[in-house]
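# Coordinate inspection notes
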Amino acid sequence: MAAVAVSPAERDGAAQRVAELQSRIRGMQATTLESPALPTAPAIAAVLPGGALRQGAAYSIDGSSTLAMAVLAGPSQSGVWCGVVGVPDFGMEAAARFGIDLERLVLVPDPGAQWLTATAALVDVLGVVLLRPPGRASDGDVARLSARLRQRGTALVVLGDWPTSEARLSISRSEWSGLGSGHGYLTARTATVTATGRLGAGRPRSARLWLPDGAQAFRVDETAMPPRLQAVSA
Amino acid sequence: MRDLSRTIVMWCPDWPVHAAMRADGIDADAPVALIEHGLVFACSPAARRDGVARGLKLREAQARCTSLITLPYDGVHDARAFEPVLAGIETIMPGVQLMRPGVCAVRARGPVRYYGSERAAAEALLACLGEQGVADARVGVADGPFAAEQAARRSDAERIGIVVSGGSAAFLAPLPAGLLLDERLGVLLRRLGVHTLGEFAALPAVDVQRRFGAVAAHAHAIAGGYDGRVVVARTPPKDFEVLVEFEPPLDRIDQVSFGFRTAADRFIEALTSARLVCTGVRVEVRSESGELSERSWLHPRWFTAADVLDRVRWQLQGSGAIDSGLRSAVAAVRVTPERVDSTGNHEEGLWGSGPDERVHHGLTRVQSMLGHEGVLTATIGGGRMLAERQILVPWGDAPPEERVRSAARPWPGSLPELAPATVFRERHPVRLMTDAGVDVAVDDRGMLVGDPAAFSPAARGAGVHRVQAWAGPWPVVERWWDAAASRRVHRLQLVDEHGDAWLLMLDGAGEGWQAEARYD
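Residues numbered from 1 in each chain as written. Chains lettered and ligands numbered in written order. Predicted model: local features only at pLDDT ≥ 70, side-chain atom pairs only at ≥ 80, totals over all residues. Heavy atoms only, no water.

### Notes on the pattern of salt bridges
Enumeration according to the criterion identifies 39 salt bridges over all chains in this entry. Ionic pairing is found between Asp141 of chain A and Arg144 of chain A, a salt bridge with its closest N-O pair at 2.8 Å. In this pair, Asp141 of chain A and Arg144 of chain A both sit in helix α6 (residues 139–152), three residues apart, roughly one turn of the helix. The residue Arg100 of chain B makes a salt bridge to Glu149 of chain B at a minimum N-O spacing of 2.8 Å. With a gap of 49 residues between them, Arg100 of chain B in strand β5 (residues 96–100) and Glu149 of chain B in helix α8 (residues 145–153) connect regions that are remote in the sequence. We classify Arg100 of chain B as partly exposed; its relative accessible area is 38%. Judged by its relative accessible area of 8%, Glu149 of chain B is buried. Here the residues in one salt-bridge network are Asp124, Arg148 and Arg152 of chain A together with Arg365 of chain B, joined through shared partners. (Salt bridge = Lys/Arg side-chain N within 4 Å of Asp/Glu carboxyl O. Helix = DSSP H or I, 4+ residues; strand = E, 2+ residues; numbered from the N terminus. Buried < 20%, exposed > 50% of the residue type's maximum accessible area, 1.4 Å probe, protein only.)

Here is the structure:
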């Protein structure tokens, strides 16, 4: 068999392609059985892979508290207890107006060095826990917490990076309405929310959402949806 | 019949002041006034000598007596301070009825038979009160509690007033009618020419009943010396409080909490055996140097022994860690139940009481890890600044009612519509500049000097973003009548080129622009 001369550049490209394919395969292979879904706000369900928050899964959010509140609002409205760890600047009034029930919201603003223990204790009893990790957790700790999440059926929402997150939600292109140059006040915004699947694999899903709309509710911006295919006569 | 209604009444003049002075360790002849709603509620004899009287405005009272010490009036404290006095009286004569803090009644028959005469019984009572530090109490003996109290108020030099049996009507006759009647009826009778109780008693009973109703008819009977009320002895409340004294005093929190452990078990066991649960306790910690720290703790469900122990520990440690030392060694810890309820109202369901119980246990665990203030719940209150609108209370405590109620009031100047998702606990300085790079200012008329064009979220002006849209300034003026607490700020909303929206404020104190909140 004649040896085919392969240039180094081609070889690198191929290696890269293999790595990419492997990561896609890993992403598509479900590591766990499908776990039950938590009640999710329709706007967030439109973006999340699988169409709902999963019990026992971790999600990470890129620096938007409003998006975090949107994720919590769905479960909280249907009677799930929520916890917020390490977010001293969490705006309660916004949370209440966006539909999080303050009666069932517990805050641990300054967990200090014991943040991981405190989170684990809350995971035992609450349905959804929002966490802003003050430091990096070791791989062992993350694995233990993930096991606990699966066992208790609690969803973890992390503001920032999290190694085992099911999806990573980020926000881009915010457009505010109501504010002019020197007049008006903020009333609503639309933003593109993008969800990237586990390990960066899978096609990122994105949607244009009202975060929030004029009535302080979250919903999908229908005007930005691609037109649906319709049957036409020949 | 007469013999049965014969009553001894003990009256302690200025009891509220006396109780407050004793609690605060103020000298007995200092001028003190208790203030309620800006008016003098009660005052000490020294203050009265300087012309302070009940019902006077605070300023007026302070003007009349410049060295006046003012304290807020606390009715609950009155009653609590009177409790040991009642217990003291009960040791020498049984069957004491509390009429109000400072006044109590005893049925005369037993003590009179025991001590030999009414005067001897009264003297014994005064001696007993003297031992408890109530030096200027008065005692009155008459038919019925009303006449006996009036007799105590008009007592002789020996602080004893005795009205002979059957002489109540004659004794009461010259007293003003307003003592017995409510204000409306008192004014009406005065207009009708009835000024004294004697004149009131002289009216025909049937006419009084027909014209003024049952309440006045009852008062009429009392004015005539027919006080049918008999003393109803109270049942002494069961004593659940526990006191642990440490000899020698302990100076480490873990030692104190270990030493209190069995007492906490005893405390809860005693309550349980009386079929009670406790939902509020009061913890008093006395240190070696005589400092007293007291605090009430509430519980969302009811206290177990471990919960009581936790509260003692939290009170000791404040915000420190468990192994930290104390400022002064602890000499005694006392725990008193403040709110108790029947166990029947707190019975658990057959399969437990659902998920909330589980949540509570989990949160208590976090609380014992991070301290009482570590786990919070939130409510929205009133206010103009965003940070003061959120009321954070530790898990298990009730939010302050006053602040929760204030949420319903209008707050002109508070932020409309959209609430920001990030409200900074500590506002940080930012820079807001015009096109030319000059800081934007607000003039005396509340107008912006220069249009905002560039914004930097850091104080030094690094990382400048272009301003896309803005609005403001909106003035917020608060408590302008109070120099210490007044505040005058201007707010401004802006959206920068990256689509981030901010709420900035400019403090009148000249601290420059600060970020109050961020819409992220």
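And the narrative resumes.
### Details of the sheet that holds strand β22 (residues 501–507) of chain B
Residue and element names in this part refer to chain B. The antiparallel open sheet is built from seven strands, whose spatial order is β15-β23-β22-β21-β20-β19-β16. Each edge of the open sheet carries a strand with a single partner, namely β15 (422–429) and β16 (431–433). Each strand of the sheet is rotated relative to its neighbour by a mean of 30°, with strand direction disregarded. (Pairing = 2+ DSSP bridges. Axes fitted to C-alpha atoms, helices over the stretch in contact; angles between N-to-C directions.)

### Description of the domain arrangement of chain B
Residue and element names in this part refer to chain B. Parsing chain B into structural domains produces domain 1 (2–162), domain 2 (168–223), domain 3 (242–361), domain 4 (376–408) and domain 5 (422–519). Taken over C-alpha atoms, the centre of domain 4 sits 26 Å from the centre of domain 5. Taken together, the six residues of domain 4 in the interface contact 10 residues of domain 5. A combined buried area of about 710 Å² lies between domain 4 and domain 5, and 59% of that area is made up of carbon and sulfur atoms. Three residues, Arg384, Met385 and Leu386, lead the burial of domain 4 against domain 5; their summed loss comes to 76% of the area buried on that side. Our enumeration of links across domain 4 and domain 5 arrives at two salt bridges. A salt bridge links Glu478 to Arg384; the shortest N-O distance between them is 3.2 Å. The tally of links from domain 4 across to domain 5 stands at four residue pairs in polar contact (both at pLDDT 80 or more). Broken down by class, the residue content of the side of domain 4 that touches domain 5 amounts to three nonpolar, one polar and two charged. (Domains from an automatic or database assignment. Contact = heavy atoms within 4.5 Å. Buried area = accessible area lost by both parts, 1.4 Å probe. Polar contact = N/O pair within 3.5 Å; in protein donor to acceptor, adjacent residues only side chain to side chain. Nonpolar A, V, L, I, M, F, W, Y, C, P; charged D, E, K, R; others polar.)

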